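Summary of structural features
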Amino acid sequence: MPTRAAKVFWAIRHRFSADQRTAALIALAAAALSGWNLLNAPEYQDDEGTYTAQALAILEGRLAPYTYWYDHPPVGWSQLAALSWLPVLFGQGNQSSVGQMRYVVAAFFVASTVLVYLIARRLELRQVLAVLAAALFCLSPLSLVLGRQVFIDNVGLPWLLLAFYLMLSPRLRLWEHIGAGACFAIAVLSKETLAIFGPALLVALLHRPGWKTRFFSLVGFLSVGGLILAFFPLLALLQNELLSGPGHVSLQDAVTYQFASRPGSGSIFDPQSDRTKLVMGWMYYDKYLVVGGIVAALACILRREARWIPAGLLVFSAPVVIGQGYMPAMYVIAAIPFLVLAIAVAADLAWNCLALLVPVLASAATHSNTAARTVPGRRRAARGLTGGAMLAALTVVLLPQWLSMNRTLLETNSNADWQHALDWSKENLPRQDTALVPYSMWQDLYADGRHDPWKVVALEKMDLDSEFAVHHPDSWRAIDWIIEGPPTARNIKNLQLRNAGEALKHSRVVASFGDWRIREVVKNTQETVNAAAPATAEAGQ
């Protein structure tokens, strides 16, 4: 008599297809990997704190805790806000604010991993190679370290991949192409840099054998996508903030800053530039994926249905190679699926080519009719050798580096000092005082009985938000405490935060926790105080 477990297994096997069952297993594996040691590594970043604070501000009916100045469309952190109940569901509601939001981002990472698998299947890759693509995406240290952080690139990525999945539908149905336009627009509204993959999406749509409704598909894709994208300028227009003007922020000023006046990252041909260091950072985490993916993309040109992959990597690479404007570290996130899919397609091509060539060459060499009759057997042997060679390459080349990098990510606690500094600040900083804090810690102190963004002030807002002067006309002298983290001095320099720099200069350390320091601002200029003053109390390790 069959057991209950056997009945469940039978029902799953007959109700769901092999792809659906495989996708479910991939989702479980990705969820386990992305959630492992999620709160401890990597280090909390200020960008994570920014998007966390903005997401939680959405729940309070505002687009941001400070003046919203159109630096990004609010759709990305609105999605984070909509899913902010997930950590509570999994019993993680008592964690730090950024930590809780990392659990939300993990859901997007899982969705992206599954979509990589499904896209590979729509490229008609073998199931084992589609699983390989998902595994490369999920296991690559570059993907794993960036994919678990609260970046809106991670929010927009599954929408971009869903657009490609719909666009590659073998049924060529109009509604799927319209849906692809809608998904692409949501991806761009989540993170505007994803717009760079628009040409690749058009290649995926148009570079296929002709069909009767191709024109309507193109019009539907462009019109629906364009209508949704119009949400952003419409939002600015309704608030009378579309164009630059006195006394208010504007979309025009934000675009001008992002593309023209923001300090650039230099040239890739300058070894000392920030752009070169950023690319070297990507290579540090996974040079095999970056280099191997780009080389494999060249092979994708040989397969018509995969030519959008090199097109996507080409438009992604152009700003990296020839640009000199600002380039964020998370820019590479959207390129990772293209790299892993390129490798999977190239592996599939190699598999097919060797399976065809080896028996033919063997037959030609022997000039034997017997050899010709054994072609199927030799083809299977060739495929076995090809698969074995690929597996050996993965084992020998990739696994040692990946295990080393991922072990650090999955076993270390990089946020212990951050947590100690937060705990000390909660217990010791008077709530009526004004503290200047990094964004990674802002939400936790703001929610700790203070609830005033001008008493717990995010570092850059002191100089970049004109509202600060309204609440604190005494400028840096209004600051009583500074929580200094590893990025504080760098942000003050890069963003030219003059007032924050003055406050830091006129402060002394009262407690330290590794690279984190709690500073008291000394407003009596007669005292000799500077940022390098020794700690008066070593409260941490």
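Anything mentioned here points back to the structure above.
Residues numbered from 1 in each chain as written. Predicted model: local features only at pLDDT ≥ 70, side-chain atom pairs only at ≥ 80, totals over all residues. Heavy atoms only, no water.

Turning our attention to the overall build of the protein chain. The helix and strand tally for the protein chain stands at 25 helices and 5 strands. Scaling as 2.2 N^0.38, a compact globule of 541 residues should have a C-alpha radius of gyration of about 24 Å, and the protein chain matches this with 27 Å. Considered along the principal axes of its C-alpha atoms, the protein chain spans approximately 100 × 60 × 50 Å. A total of 541 residues make up the protein chain; the buried ones form 49% of that total. Pairs at least 24 residues apart make up 72% of the contacts formed inside the protein chain by residues separated by at least 6 positions. Carbon and sulfur atoms form 63% of the exposed surface of the protein chain, whose accessible area is close to 25400 Å². Taking the average location of the 44 positive side-chain charges in the protein chain and that of its 38 negative ones, the two points are 18 Å from each other. (Helix = DSSP H or I, 4+ residues; strand = E, 2+ residues; numbered from the N terminus. Rg over C-alpha atoms; globule rule 2.2 N^0.38 Å. Buried < 20%, exposed > 50% of the residue type's maximum accessible area, 1.4 Å probe, protein only. Contact = heavy atoms within 4.5 Å. Areas by Shrake-Rupley, 256 points an atom, 1.4 Å probe, with all protein chains shown as cover. Lys, Arg positive; Asp, Glu negative; His and termini not counted. Charge placed at Lys NZ, Arg CZ, Asp CG, Glu CD.)

Taking 1.5 Å per residue, 17 residues should reach 24 Å; helix α10 (residues 174–190) reaches 25 Å between its end C-alpha atoms and fits that length. Among the 17 residues that make up α10, 13 are buried, leaving the element largely enclosed by the rest of the structure. (Expected span 1.5 Å × (residues − 1).)

Let's shift gears to the nonpolar core. Core analysis: the biggest nonpolar cluster contains 87 residues, and I119, L123, L160, F164, W282, W308 and I309 have the highest contact counts within it. In terms of residue count, the dominant contributor to this core is helix α17 (residues 336–366) (11 residues). Residues contacting I309, with those up to four places away along its chain left out, are L123, C300, F338, L341, A342 and V345. (Core = buried A, V, L, I, M, F, W, Y, C linked by side-chain atoms within 4.5 Å.)

Inspection of the secondary structure assignment puts K505 in helix α25 (residues 498–505). For the pair K505 and V521, spaced 16 residues apart in sequence, the C-alpha separation works out to 8.5 Å.

According to the stated counting rule, one finds 12 salt bridges in the structure shown. Between R173 and E176 there is a salt bridge whose closest N-O contact spans 3.4 Å. Using a relative accessible area of 34% as the deciding quantity, one classes R173 as partly exposed. Under the relative-accessibility criterion, E176 is labelled buried at 3%. (Salt bridge = Lys/Arg side-chain N within 4 Å of Asp/Glu carboxyl O.)

With that settled, consider the sheet that holds strand β5 (residues 516–521). Strand order in the open sheet formed by 5 strands is β2-β1-β3-β5-β4, and the pairing between neighbours is mixed. Edge strands, defined here as strands with exactly one partner in the open sheet, are β2 (456–458) and β4 (507–513). Shown here is a sheet whose adjacent strand axes are inclined to one another by a mean of 25 degrees, direction ignored. Strand direction decides the pairing type here: strand β1 (residues 435–437) and β2, joined by 3 bridges, are parallel. Within the sheet, the bridge partner assigned to A435 lies in β2 and is V456. Helix α21 (residues 439–446) contacts β1, β2, β3 (481–484) and β5 of the sheet and is inclined by roughly 160 degrees relative to β2. (Pairing = 2+ DSSP bridges. Axes fitted to C-alpha atoms, helices over the stretch in contact; angles between N-to-C directions.)

Let us look at the state of the cysteines. The tally for this structure, following the rule as stated, stands at 0 disulfides. Lacking any disulfide linkage, C353 is separated from the closest cysteine sulfur, that of C300, by 13 Å. When its relative accessible area of 41% is taken as the criterion, C353 is described as partly exposed. (Disulfide = S-S within 2.5 Å.)

As paired elements, β3 and β5 share 4 bridges and run antiparallel to each other. Paired with W481 across the bridge in β5 is E520. Sheet topology note: the β4/β5 ladder contains 6 bridges and is antiparallel. Looking at β5, one finds that S507 is bridged to V521. Where β4 hands over to β5, the hairpin turn is made up of 2 residues, of which G514 adopts a positive phi near 65 degrees.

The subject of this paragraph is the packing of helix α9 (residues 152–167) against helix α11 (residues 198–206). With their axes 9 Å apart at the nearest point, α9 and α11 run at an angle of 15 degrees to one another. Taken together, α9 and α11 sit at an angle that is classed as roughly parallel. Here the hand of the crossing between α9 and α11 comes out right-handed. Contacts from A163, F164 and M167 of α9 reach α11 at A200, L201, A204 and L205. Broken down by class, the residue content of the contact of α9 with α11 amounts to 7 nonpolar, no polar and no charged. (Parallel < 35°, antiparallel > 145°, perpendicular 65-115°, else oblique. Left-handed = near helix turned anticlockwise from the far one by under 90°. Nonpolar A, V, L, I, M, F, W, Y, C, P; charged D, E, K, R; others polar.)

The residue after A41, namely P42, is reached through a cis peptide bond having omega -5 degrees. Tracing the sequence through the fold places P42 in the loop between α2 (18–35) and α3 (46–58). A positive phi angle, near 65 degrees, is found at E124, a position not held by glycine. Structurally, E124 is set in the loop between α6 (97–122) and α7 (127–139). We classify E124 as exposed; its relative accessible area is 66%. We note that S475 has phi near 55 degrees; this positive angle belongs to a residue other than glycine. Inspection of the secondary structure assignment puts S475 in the loop between α23 (467–471) and β3.

Counted by the stated rule, this structure contains 22 aromatic pairs. Aromatic rings pair up to connect Y66, Y439, W442, Y446, W454 and F468 into one cluster. We note R122 situated over the ring of Y165; from NZ or CZ to the ring centre the distance is 3.9 Å. When the ring centre of Y326 is taken as origin, the NZ or CZ atom of R262, which lies over that ring, is 3.7 Å away. (Phe/Tyr/Trp six-rings, centres within 6.5 Å; stacked < 30°, edge-to-face > 60°. Lys NZ or Arg CZ within 6 Å of the ring centre and 35° of its normal.)

Together, L174, F215, F216 and V219 line one region of the surface with nonpolar side chains, adding up to about 390 Å² of accessible area. In terms of residues, the nonpolar patch owes the most to one element, helix α12 (residues 214–229), which gives 3 residues. Residue position: L174 is located in helix α10. (Patch = residues over 30% accessible without salt bridge, like charges linked within 9 Å, V, L, I, M, F, W, Y side chains within 5 Å.)

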